[in-house]
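Read off the chains here:
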Amino acid sequence: MALEQFSDVVQRCEALPNDSYTSDDHNVFTIAGRTCIEEGNSPQVLSIVLDEKNQNIVRSMGWNLLPPLIQVLLKKEDKNLPQCLSIFNHLLETCRPKELLIGLLEQLEHDDPDRIAESLHLLLNPLQKVLLCLGSRKASSLGMTLSTVLDQLAKLPVPVTKEQEEDDVFSLCRCCTDLIQFVRPFVQEARLNQSSGNQLEKSHKTASGQDEGAEDELRTELLKFCMKTLSQPLLDVQIRDPDTLPLSPLRTFASEILDILGAVGESLPSLLFHPLLKRKEVPGFLEEEVRYPKNSLASLAHLVFVHHLAADTFPSVFSPLFCLRSNMEHISILLSRPEDSRLQKGLELYEKSMVRVEDGSLPADLLEIKTFLTVPQDLVKVMTVCPKHDLRTKGLKVFQLSIDKFHTEAKYRFFQYMLRTSNHSGVEGYVIKNIKNQIDAALQPGNSNIWFEGAHLLPLLRKVFSLPDGPETDLLQNLDRVMESLNLLRYLVIRDKVTENQTGIWTELYKIEDTFMKPLRVGLNMSRAHYERELQGTMENKKKKTKDKSVLSVSVGGDELPKMTSKSQIQALHSALHTFDMIESVLVRIEELTEVKDGLEPAGELHPLKT
């Protein structure tokens with residue numbers, strides 16, 4: 001029935017002038033033709049399609065047969081596969097490119113990853129042929145095609161392990177390779193247009209400049225493709241170095257994308273240092289932020305500075321400080337994201353940018369640049385909130401590396417800023433430990449500096465020797481800060497002699513006693529009394545063998561203890577009391593040291609400086 005309808009509509013349309021077919025003719029041709037292919041009558045359809053007298057009809061309506069043909073080609077098992085392939089190839093040669101393009105793109109859109117990969121592998125080459133048939137009018141169609149392809153590519157899972165990339169378990173590597181093959185002739189055309197600078201060629205262009213406009217539009221579409229690719233998938237995948245994976249399809253794909261950027265006239269240094277350089281106006285319809293998305297530039301920076309891709313095209317005249325300043329914008333973009341892949345890349349880029357800088361060389365005025373303050377705050381979030389242990393550890397390593405690169409004054413001001421803004425006991429404790437190290441270095445013979453001795457040091461010490469909420473401070477929640485503060489105070493009263501008073505600790509001690517040591521003593525007594533009372537009540541309940549397992553009103557880290565057995569509750573309470581004993585032991589030692597030296601006169605009075 002369907003075959004008869006298909007033959008009838010073709011015969012009826014033979015006598016009609018070109019493009020005078022009715023909507024009914026189109027509908028019957030489409031429905032009957034598709035049904036024939038689905039029912040296995042592809043040989044008969046092939047005969048009709050190849051008939052010379054039917055070519056006008058095929059040219060006008062043949063593209064409607066693409067869906068069932070592509071389904072057969074994807075299955076690869078149909079007995080009529082050769083006939084369907086012949087019909088498909090004939091349609092590619094005969095039908096109008098614009099209509100073919102629409103029909104092929106419609107068959108690309110799927111949600112199943114396996115189906116996506118197979119469709120891309122099958123259809124990218126036909127799409128390339130169709131686009132090349134469009135001549136100088138192909139730029140916008142190429143842009144639409146690349147956008148559709150990348151949207152599909154984004155649905156594929158990303159390989160996490162080296163083995164997954166080697167085996168291409170998600171077919172992403174094959175799709176990326178196919179995509180580079182697809183775009184290659186268009187890149188070559190853009191490269192030739194870019195390099196053909198002699199005036200003789202330009203004089204052959206039309207007076208209206210249409211050819212030149214087409215060239216600009218082609219470069220623009222390829223640039224959009226590169227920028228979107230840099231953002232996804234390249235910002236999500238883990239690029240492996242040659243030592244880890246000698247043959248890496250994803251690394252090759254990334255290198256090809258960077259090569260395309262050069263082909264369309266984009267300078268890598270200009271792109272990477274985009275935040276610091278004023279770019280000239282670029283003709284075209286793209287706004288600056290659309291033309292150069294920040295996520296894409298951050299991904300590009302990671303590829304160049306971490307994996308050294310396109311290193312041979314990148315000049316080495318830029319100083320490590322200049323590269324760091326520019327990369328801070330990219331690092332900030334990456335570290336502000338919640339995805340593990342972005343955080344990993346941000347940490348790697350920050351580390352690579354810092355390693356090239358000489359220790360102790362970054363000046364204090366860098367802290368007037370916004371990113372030099374926001375990036376450490378992002379690092380704090382990684383160190384304290386990120387669920388992945390290796391990222392937290394990496395964050396701490398990079399945090400310390402950044403401290404080491406600062407000049408003495410920059411360290412001083414950075415510590416002030418972090419104590420004021422971090423709002424995390426662990427981070428504050430780590431900063432205080434670094435302050436202790438800087439003071440110790442300054443007290444070594446020949447290492448004296450004005451920032452970690454005497455009058456400049458005192459304002460910093462006042463920030464250290466304070467309790468966030470006075471005597472009511474939660475000592476368990478603030479344990480790291482409290483212990484590092486006590487350790488620093490103990491170090492100072494032991495290391496800095498009263499008669500020398502290099503740090504000014506002895507003239508400041510009475511204030512420290514009032515604002516830190518006495519409130520801490522009161523807080524310790526209150527906390528111990530509370531926990532001893534809770535411990536006594538829990539033990540009495542256990543003796544009575546009560547079945548009540550409800551939560552005690554015990555707070556650790558600002559949160560109530562979860563439901564637990566009496567034995568676990570007792571262990572937690574004992575642990576808290578042990579912590580208070582540890583704090584008190586250091587506090588008592590400091591009190592003993594200061595009492596012994598109370599009779600001595602400290603060295604000259606220090607006058608605090610404004611900082």
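Residues numbered from 1 in each chain as written. Predicted model: local features only at pLDDT ≥ 70, side-chain atom pairs only at ≥ 80, totals over all residues. Heavy atoms only, no water.

- The chain goes by Glomulin, FKBP associated protein a in an unreviewed UniProt entry, where it is assigned to Ameca splendens.

## Comments concerning the layout of surface pockets
- For the second largest pocket, the calculated volume is near 530 Å³.
- Put simply, the parts of the chain that give the lining of the second largest pocket at least two residues each are helix 19 (340-355) and helix 21 (389-405).
- For the lining of the second largest pocket, the leading source of residues is helix 19, giving seven residues.
- When the residues that make up the lining of the second largest pocket are grouped by side-chain class, the tally is seven nonpolar, five polar and eleven charged. (1 Å grid on protein atoms, 1.4 Å probe; cavity = no way out; pocket = protein on both sides within 12 Å on 5 of 7 lines; lining within 4 Å. Points joined across faces, edges and corners; volume = space filled by probe spheres on them. Helix = DSSP H or I, 4+ residues; strand = E, 2+ residues; numbered from the N terminus. Nonpolar A, V, L, I, M, F, W, Y, C, P; charged D, E, K, R; others polar.)

## Concerning the environment of I435
- Relative to the elements of secondary structure, I435 occurs in helix 23 (residues 425-442).
- When its relative accessible area of 0% is taken as the criterion, I435 is described as buried.
- Other than its neighbours up to four places away in sequence, I435 contacts F415, L419, L460, V464 and L488. (Buried < 20%, exposed > 50% of the residue type's maximum accessible area, 1.4 Å probe, protein only. Contact = heavy atoms within 4.5 Å.)

## Considering the packing of helix 14 (residues 249-263) against helix 17 (residues 294-305)
- In the contact formed by helix 14 and helix 17, the axes pass within 11 Å of each other and the chain directions differ by 110 degrees. The angle between the axes of helix 14 and helix 17 places the two elements in the roughly perpendicular class. When you trace helix 14 past helix 17, the crossing you get is left-handed. The residues of helix 17 that touch helix 14, namely those facing A254, L258 and L261, are L300, L303 and V304.
- A class-by-class count of the residues in the contact of helix 14 with helix 17 yields six nonpolar, no polar and no charged. (Axes fitted to C-alpha atoms, helices over the stretch in contact; angles between N-to-C directions. Parallel < 35°, antiparallel > 145°, perpendicular 65-115°, else oblique. Left-handed = near helix turned anticlockwise from the far one by under 90°.)

## A look at the confidence of the model for the chain
- Within the chain, residue pLDDT values average 87, and 88% of them lie at 70 or more.
- Contacts of residues 197-203 to residues separated by more than four positions or lying in other chains number three contacts, the stretch itself having pLDDT below 50.
- In the model, residues 548-552 has pLDDT below 50 throughout and makes twelve contacts with residues more than four positions away in sequence or in other chains. (pLDDT = per-residue confidence, 0-100.)

## What about the side chain of N449?
- Of note, N449 is situated in the loop between helix 23 and helix 24 (454-464).
- Reaching out from N449, the side chain makes a polar contact with the backbone nitrogen of W451 at a distance of 2.9 Å.
- In contact with N449, not counting residues within four places along its chain, are T408 and A442. (Polar contact = N/O pair within 3.5 Å; in protein donor to acceptor, adjacent residues only side chain to side chain.)

## Section: the packing of aromatic side chains
- Following the criterion strictly, the structure yields 14 aromatic pairs and no others.
- Between the aromatic rings of F406 and F414, the centroid separation amounts to 5.3 Å while the plane-to-plane angle is 35 degrees, which identifies the pairing as tilted.
- Judged by its relative accessible area of 2%, F406 falls in the buried class.
- Take F414: its relative accessible area is 1%, and that puts it in the buried class.
- Arranged with centres 5.2 Å apart and planes meeting at 50 degrees, the rings of Y412 and W451 form a pair that is tilted. Of the two residues, Y412 is situated in helix 22 (residues 408-421) and W451 in the loop between helix 23 and helix 24; the sequence distance between them amounts to 39 residues.
- Between K436 and the ring centre of Y491, over which it is positioned, the NZ or CZ distance is 4.9 Å. (Phe/Tyr/Trp six-rings, centres within 6.5 Å; stacked < 30°, edge-to-face > 60°. Lys NZ or Arg CZ within 6 Å of the ring centre and 35° of its normal.)

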